Amino acid sequence: MKDAKAEAIETGEPNWRENCAVEPDRLPADIVEALSDLYCAGTNAYVDHDWFDAPTIEDAVARVRDL
Amino acid sequence: MTSVKDFRVEEEPTATDLGRGRFVFSDRYSVFDWGEMPDHVPNKGASLCLMGAYNFELLDVNHVPTHYLGVVEDGEVKELGECESPPTEMAIELTQVPDLPHADGAYDYDAYHEAAGDNYLIPLEIVFRNTVPVGSSLRRRGEPADYGLDADEWPDEAVSLPEPVVEFSTKYEEQDRYLSRAEADDIAGKVDLGRLEELALAVNHVLTERADEAGFDHEDGKIECLYHDGTVKVGDVVGTFDENRFPTADSRSRKRSSASTTSASSPSGSRP
């Protein structure tokens, strides 16, 4: 990615992403779930209301940290 | 760069009047500088919409003007408190976004403002910071003393700023860049940079207070603004886990170095 960006800066060409060789991978299911829980738990905590069915923020954070 | 929220026009803005639109928050996520990733994260969209709406309503109570009109449930625009379940759609006022011509390696902001008149999206991102982590690009742009810190060098850990720092970067350039005050002032057009700074600090204050009450720190965030007929309003979405960094009290006491909880999980990563 760095090479493509460097080249783009040199040539002034805006569409550098097309020159990148690497495609992003899919994440494993447990990571996706942990992320989902984190967004939901975090929002529940921030707005001080359990809009989402999610673990506590402490549990959600711990789970992500353990990944 | 791909956006993780979709945008819909309900009523087009005119040269003089604001229109109406919708943000539809998806479960997609993107990584800084690349774009959309292949996965969807369940409830991410609803979480961002809810937090964004909550913050807009908080800003309203604090007399900070925004483009927020409400959230949408069952086809009706309503306040968050009237919703039965987390909304994924937000109603907003719309302004004009003229083309930003790009030729010979330069962007033509004069053309932008010519078309913009008195009704336009200000083509800047206004970043506010309360702390400066180890990886922050702010460290390259200035010395600690420039930001009121009593140190000759940047320490090997995150540092809290005595006063929040506001910076401006471009929004519509292919490689967005931080700007000097003079450049930002130019790009802002007829809008006074001081007013933008004032709004950024007001938003930062409201979010930081809310975060603190909820057990989070608030490291940094950004706003975008629109100008209409003499009034500057906060636009886009404010104070979500994708746009801002809200480390929990737990991570705050255990780890004083850069990685916050949300920058570990938030695919948009750290703020450069």
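Residues numbered from 1 in each chain as written. Chains lettered and ligands numbered in written order. Predicted model: local features only at pLDDT ≥ 70, side-chain atom pairs only at ≥ 80, totals over all residues. Heavy atoms only, no water.

### Concerning the overall build of chain B
- Of the regular secondary structure elements, chain B holds 7 helices and 15 strands.
- Here chain B, with 272 residues, has 54% of them falling under the buried criterion.
- Sequence separation of 24 or more characterises 62% of the internal contacts of chain B that already satisfy a separation of 6 or more.
- In the form shown here, chain B has an accessible surface area of approximately 12200 Å², with 44% of it arising from carbon and sulfur atoms. (Helix = DSSP H or I, 4+ residues; strand = E, 2+ residues; numbered from the N terminus. Buried < 20%, exposed > 50% of the residue type's maximum accessible area, 1.4 Å probe, protein only. Contact = heavy atoms within 4.5 Å. Areas by Shrake-Rupley, 256 points an atom, 1.4 Å probe, with all protein chains shown as cover.)

### Notes on the overall build of chain A
- Across its full length, chain A carries 3 helices and 0 strands.
- Walking chain A from its N terminus toward its C terminus, one meets helices and strands in the order α-α-α.
- Across the 67 residues that make up chain A, the buried fraction comes to 36%.
- Contacts spanning at least 24 positions in sequence make up 24% of the contacts within chain A whose residues lie at least 6 apart.
- A total accessible area of about 4300 Å² is found for chain A, and carbon and sulfur atoms account for 47% of it.

### Observations regarding the pairing of strand β13 (residues 220–223) of chain B
All names here are of chain B.
- Judged by which residues are buried, β13 turns out to be covered on both faces: Asp-220 and Lys-222 on one side and Gly-221 and Ile-223 on the other are all buried.
- Alignment of strand β11 (residues 124–132) against β13, held across 4 bridges, turns out to be antiparallel. When the bridges of β13 are listed, Arg-129 appears paired with Asp-220. (Pairing = 2+ DSSP bridges.)

### Observations concerning the sheet that holds β13 of chain B
Residue and element names in this part refer to chain B.
- Sheet architecture is open: 3 strands sit in the order β12-β11-β13, paired in antiparallel fashion. Both outer strands of the open sheet, β12 (159–170) and β13, are each paired with one neighbouring strand and no more. Each neighbouring strand pair of the sheet contributes to a mean axis angle of 15 degrees, computed without reference to strand direction.
- Contacting β11 and β12, helix α4 (residues 181–188) crosses the sheet at an angle of about 50 degrees to β12. (Axes fitted to C-alpha atoms, helices over the stretch in contact; angles between N-to-C directions.)

### Some points on the pattern of salt bridges
- All chains considered together, the criterion is met by 25 salt bridges over all chains.
- Connected through shared salt-bridge partners, Lys-5, Lys-171, Lys-222, Glu-224, Asp-236 and Glu-243 of chain B make up one network. (Salt bridge = Lys/Arg side-chain N within 4 Å of Asp/Glu carboxyl O.)

### Quick notes on the sheet that holds strand β2 (residues 19–25) of chain B
Residues and elements named next belong to chain B.
- Here we have 5 strands laid out as an open sheet, ordered β1-β2-β7-β5-β6, and antiparallel in their pairing. Whereas interior strands pair on both sides, the edge strands pair on one side only; in this sheet they are β1 (5–11) and β6 (76–78). Taking the axes of each pair of neighbouring strands and ignoring which way they run, one obtains an average angle of 35 degrees across the sheet.
- Pairing analysis gives 4 bridges linking strand β5 (residues 68–73) to strand β7 (residues 89–94), with the strands arranged antiparallel. Bridging across to β7, Tyr-68 finds its partner in Ile-92.

### Focus: the packing of helix α2 (residues 29–47) of chain A against helix α5 (residues 193–214) of chain B
- Remark: α2 of chain A packs on α5 of chain B, axes separated minimally by 8 Å, with the N-to-C direction vectors making an angle of 105 degrees. In terms of their interaxial angle, α2 of chain A and α5 of chain B are classed as roughly perpendicular. Facing Ala-45, Tyr-46 and Val-47 of chain A of α2 of chain A, the residues of α5 of chain B in contact are Leu-207, Arg-210, Ala-211 and Ala-214 of chain B. (Parallel < 35°, antiparallel > 145°, perpendicular 65-115°, else oblique.)

### Thoughts on the environment of Asp-108 of chain B
Residues and elements named next belong to chain B.
- Among the secondary structure elements, Asp-108 is positioned in the loop between β9 (106–107) and α2 (109–116).
- For Asp-108, a relative accessible area of 34% gives the class partly exposed.
- Once the C-alpha coordinates of Asp-108 and Ile-187 are considered, the two residues, 79 residues apart in sequence, prove to be 9.6 Å apart.
- Ignoring sequence-local partners within four residues, the contact set of Asp-108 consists of Leu-100 and Pro-101.
- Only 3.2 Å separates the side chain of Asp-108 from the backbone nitrogen of Asp-110, close enough to count as a polar contact. (Polar contact = N/O pair within 3.5 Å; in protein donor to acceptor, adjacent residues only side chain to side chain.)

### Here we look at the confidence of the model for chain B
- Chain-level statistics for chain B give a pLDDT mean of 89 and a share of 89% at 70 or above.
- The low-confidence segment residues 253–268 of chain B, where pLDDT is below 50, has 37 contacts with residues more than four positions distant or belonging to other chains. (pLDDT = per-residue confidence, 0-100.)

### Quick notes on the packing of aromatic side chains
- Throughout the structure, instances matching the rule amount to 12 aromatic pairs over all chains.
- Taken together, a centroid distance of 5.8 Å and an interplanar angle of 85 degrees make the contact between Phe-241 of chain B and Phe-246 of chain B edge-to-face. When sorted by exposure, Phe-241 of chain B lands in the same class as Phe-246 of chain B, which is buried.
- Taken together, Tyr-46 of chain A together with Tyr-54, Phe-216, Phe-241 and Phe-246 of chain B form an aromatic cluster joined through their ring pairs.
- Taking NZ or CZ as reference, Arg-141 of chain B lies 3.5 Å from the ring centre of Tyr-178 of chain B, over its face. (Phe/Tyr/Trp six-rings, centres within 6.5 Å; stacked < 30°, edge-to-face > 60°. Lys NZ or Arg CZ within 6 Å of the ring centre and 35° of its normal.)

### A short note on α4 of chain B
Residue and element names in this part refer to chain B.
- Regarding α4, the residues found buried are Ala-184, Ile-187 and Ala-188. Down the axis of α4, the sector holding all buried residues measures 100 degrees, keeping them to one side. Facing away from the buried surface of α4 by more than 90 degrees, the exposed residues are Ala-182 and Asp-186.
- On its buried face, α4 is in contact with α2, β10 (119–121), β11, β12 and α5.
- After α4 finishes, the residue Gly-189 shows a positive phi value of roughly 75 degrees. (Arc of directions from axis to C-beta.)

### Side note on the confidence of the model for chain A
All names here are of chain A.
- Across chain A, the average pLDDT comes to 77, with 64% of residues at or above 70.
- No element of chain A has a lower mean pLDDT than helix α1 (residues 2–11), which averages 50, and none a higher one than α2, which averages 93.
- This model gives residues 7–14 a pLDDT under 50, and the stretch forms 6 contacts once residues within four places in sequence are excluded.

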